[in-house]
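Report on the structure
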Amino acid sequence: MTSLPNSTERKLGLVIDLDICVGCHACVTSCKEWNTGGYSAPLSDHDPYGADPSGAWLNRVHSFEVTDGDWSRTVHFPRSCLHCEEPACVTVCPTGASYKRVEDGIVLVNPDTCIGCKLCSWACPYGAREYDYDHGVMKKCTLCVDRIYNETIPEEDRIPACVRACPTGARAFGDLGDPDSDVSQSVEERGGFNLLEEFGYKPVNKYLPPRKPVEPLPQAAEEAPANTGSRLEKLFAWADRALSR
Amino acid sequence: MHPAYSVIFFTTASGAGYGLLFWLSLAHLLGLLPGDGWTGFTTIAVALVLITMGLLSSTLHLGRPERAIRAFSQWRSSWLSREGVAAVATYVPSGLLALFWLTGTESIWTPVLALLSAAGAVVTVYCTGMIYASLRTIRQWNLPLVPLIYLVLSAASGALLFALFMALFGYGSVWIGVVALLATLAAGGLKIAYFAEIDGNPGRYTAAMALGLGKDGIRQLDPPHTRPNFVMREMGYSVARKHAQKLRRLALLCLCALPVLFTVAALLTPLSTTFYLLAVLSAALGLVTERWLFFAEAEHVSMLYYGAARA
């Protein structure tokens, strides 16, 4: 049913720390590796080794230079489904294939009932859904629903593949509906924020901002050092005059 | 937004079909439909063929057309589902109406069926418009004008077709021409208002809102992929945008100016069938251009992650 639940028992999601993400794309490839072999049919690629490769991926990492006042830096920016509390991608679905789970808030597509009309991808402001041309259905982040509850794999692996793969610990998984959870605490401490808050879809996933430097950035000296009158300086002054002629 | 040919054909062909069904039903309801059952039957058959061809075409852009029946289930929340339900529901009264006219049976039920057919046509086209107008991600679509434009363009193309068929059967009358004239003028006026509205709105959302960072500048360093992905091809389509002004003029010329001239000529000269045919052909070209532009000029918020400054 594509009508949204009034509330969900938990709000499982990711917290992504933009301060420590190094843009290595390990989460991207790990996501692809798990999801092309697990839940649903493979995530198809087209011309993967040719001149125009493309394919369905559920997680993408952009790299931007962002400027805020006189502060600017490189920010690596992972982007995937944010498992919104009020997602229009679910309500526009004509078949009921898109749904939001009451028990944990995960937004999923049923690959057996999706007709591939692509309207959900039009409704998502985050560009999080990607169409699978071979399978003929829409694909999206499942929050690794086939890992997190999977009792056949070791307990330490029962987290999303992207979180498991991240070498810097920039991604955390947990219940953002529980104010005492580690993820909620880190959002509280670090001023975690929503993407496109103004849009009003209430994303569950949160982003932690890059830390700003405590001290001013070191600046190159602009003035020449004071003249001390040493012989060496006189030599350089003579060389400067001679070369300037 | 990427203009899918199947969706352009669907919305224009079905739109014209529902417009024709609307005017035909209205004429019958008001006792203004001239001729015998064959006139009514042939005209309603053309309307239903246009509608059906459009609906079948719309399934071509589906990845899984064999599952299309499922699209009727979510009418509580989805305008696409509501459109499907309304389209199928409209077949019932219009199909029965066609049957009455085919068999030449006089019945007190035909005005009721005509009323239901006209209402079904309006509801279906309104739902089509709302599929687009309900998407907050696309500012060029998320406007109250959009469903109105779908309704009036459908009414205009349907009225021109209705005038053509009545002229073909030798029942051309002034009121049908005047209706076509007014509907076509309204269509042109609404499109001019629409172009002015989308040009005057630079977009509420910025790249800094999308990232939650960089209020004083955002520059793309490395894209997430070396070649365009589905999101960029579907949502970032901009091939026709550089020709937008020329295409807008072409759309207004073919959709409004020429059909108005041809309709006036049809009303004033004995060559009404020829002129209505020219009006219909011109309007068809104008409608396809208009619908192409409706997609090509639409900018999606997700492009903020791919270098767009505002959306």
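Described below are features of the structure shown in this document.

Calculation rules
Residues numbered from 1 in each chain as written. Chains lettered and ligands numbered in written order. Predicted model: local features only at pLDDT ≥ 70, side-chain atom pairs only at ≥ 80, totals over all residues. Heavy atoms only, no water. Contact = heavy atoms within 4.5 Å. Buried area = accessible area lost by both parts, 1.4 Å probe. Salt bridge = Lys/Arg side-chain N within 4 Å of Asp/Glu carboxyl O. Nonpolar A, V, L, I, M, F, W, Y, C, P; charged D, E, K, R; others polar. Helix = DSSP H or I, 4+ residues; strand = E, 2+ residues; numbered from the N terminus. Phe/Tyr/Trp six-rings, centres within 6.5 Å; stacked < 30°, edge-to-face > 60°. Buried < 20%, exposed > 50% of the residue type's maximum accessible area, 1.4 Å probe, protein only. Lys NZ or Arg CZ within 6 Å of the ring centre and 35° of its normal. Axes fitted to C-alpha atoms, helices over the stretch in contact; angles between N-to-C directions. Parallel < 35°, antiparallel > 145°, perpendicular 65-115°, else oblique. Left-handed = near helix turned anticlockwise from the far one by under 90°. Core = buried A, V, L, I, M, F, W, Y, C linked by side-chain atoms within 4.5 Å.

1. Comments concerning the interface of chain A and chain B
Contacts between the two partners involve 60 residues from chain A and, on the opposite side, 56 residues from chain B. In total, chain A and chain B occlude about 4900 Å² of area from one another, counting both sides; carbon and sulfur atoms represent 59% of this. The largest per-residue losses of area from chain A upon contact with chain B belong to I115(A), W122(A) and F199(A), which jointly make up 16% of the total buried on that side. At the junction of chain A with chain B, the criterion picks out three salt bridges. Between R227(B) and D52(A) there is a salt bridge, with the nearest N and O atoms lying 2.9 Å from each other. Residue classes in the side of chain A that touches chain B are distributed as 32 nonpolar, 18 polar and ten charged.

2. Examining the environment of P167(A)
All names here are of chain A. Mapped onto the secondary structure, P167 falls in the loop between helix 5 (161-165) and strand 10 (171-175). Sequence separation of P167 and K140 is 27 residues, and the distance between their C-alpha atoms is 23 Å. Once residues lying within four places of it in the same chain are set aside, the contact partners of P167 are C24 and A26.

3. Digging into the packing of aromatic side chains
Under the criterion given, the structure shown has 29 aromatic pairs over all chains. With a centroid separation of 6.2 Å and 70° between ring planes, the pair formed by W122(A) and F295(B) is classed as edge-to-face. Taken together, the residues W122(A) in helix 3 (residues 119-123) and F295(B) in helix 10 (residues 272-296) connect one chain to another. Residue W122(A) is classed as buried on the basis of its relative accessible area of 7%. Given a relative accessible area of 0%, F295(B) falls into the buried group. With a centroid separation of 5.0 Å and an interplanar angle of 85°, the aromatic rings of Y131(A) and Y133(A) are classed as edge-to-face. We classify Y133(A) as partly exposed; its relative accessible area is 39%. Ring pairing ties together the aromatic residues W122(A), Y132(B), W141(B), Y150(B), Y194(B), F195(B), F294(B) and F295(B), which thus form one cluster. Above the face of the Y305(B) ring, R79(A) is positioned so that its terminal group lies 5.5 Å from the ring centre.

4. Considerations on the packing of helix 4 (residues 110-133) of chain B against helix 5 (residues 145-168) of chain B
Residue and element names in this part refer to chain B. It is the contact of helix 4 with helix 5, at a shortest axis distance of 8 Å, that shows an interaxial angle of 140°. Judged by the inter-axis angle, helix 4 sits oblique to helix 5. Viewed along their axes, helix 4 and helix 5 form a crossing whose handedness is right-handed. Contacts between helix 4 and helix 5 pair V122, V125, Y126, T128, G129, M130, Y132 and A133 from the former with V146, P147, Y150, L151 and S154 from the latter. When grouped by side-chain class, the residues that make up the contact of helix 4 with helix 5 number ten nonpolar, three polar and no charged.

5. Comments concerning the pattern of salt bridges
Tallying each qualifying case throughout the model produces 22 salt bridges over all chains. For R60(A), the salt bridge is made with E130(A), and the minimal N-O distance between the two is 2.8 Å. Placement of the pair is R60(A) in strand 4 (residues 59-68) and E130(A) in strand 8 (residues 130-132), with a sequence separation of 70 residues. By relative accessible area, which is 6% here, R60(A) ends up buried. The shortest N-O distance in the salt bridge between E290(B) and R291(B) comes to 2.9 Å. Owing to a relative accessible area of 2%, E290(B) belongs among the buried residues under this scheme. Using a relative accessible area of 2% as the deciding quantity, one classes R291(B) as buried. If you follow the salt bridges from partner to partner, you end up with D68(A), K212(A), K215(B) and D216(B) in one network.

6. Concerning the nonpolar core
If you look at the biggest cluster of nonpolar residues, it comprises 137 residues, and the most contacted ones within it are W122(A), Y126(A), Y132(B), W141(B), F162(B), Y194(B) and F295(B). It is helix 5 of chain B that contributes the most residues to this core, 17 residues altogether. W141(B) has contacts with W122(A), M1(B), Y132(B), A133(B), L135(B), V146(B), Y194(B), F294(B), F295(B) and A298(B), leaving out every residue within four places of it along the chain. Core analysis: the second largest hydrophobic core is formed by six residues, V15(A), L176(A), V183(A) and V187(A) among them.

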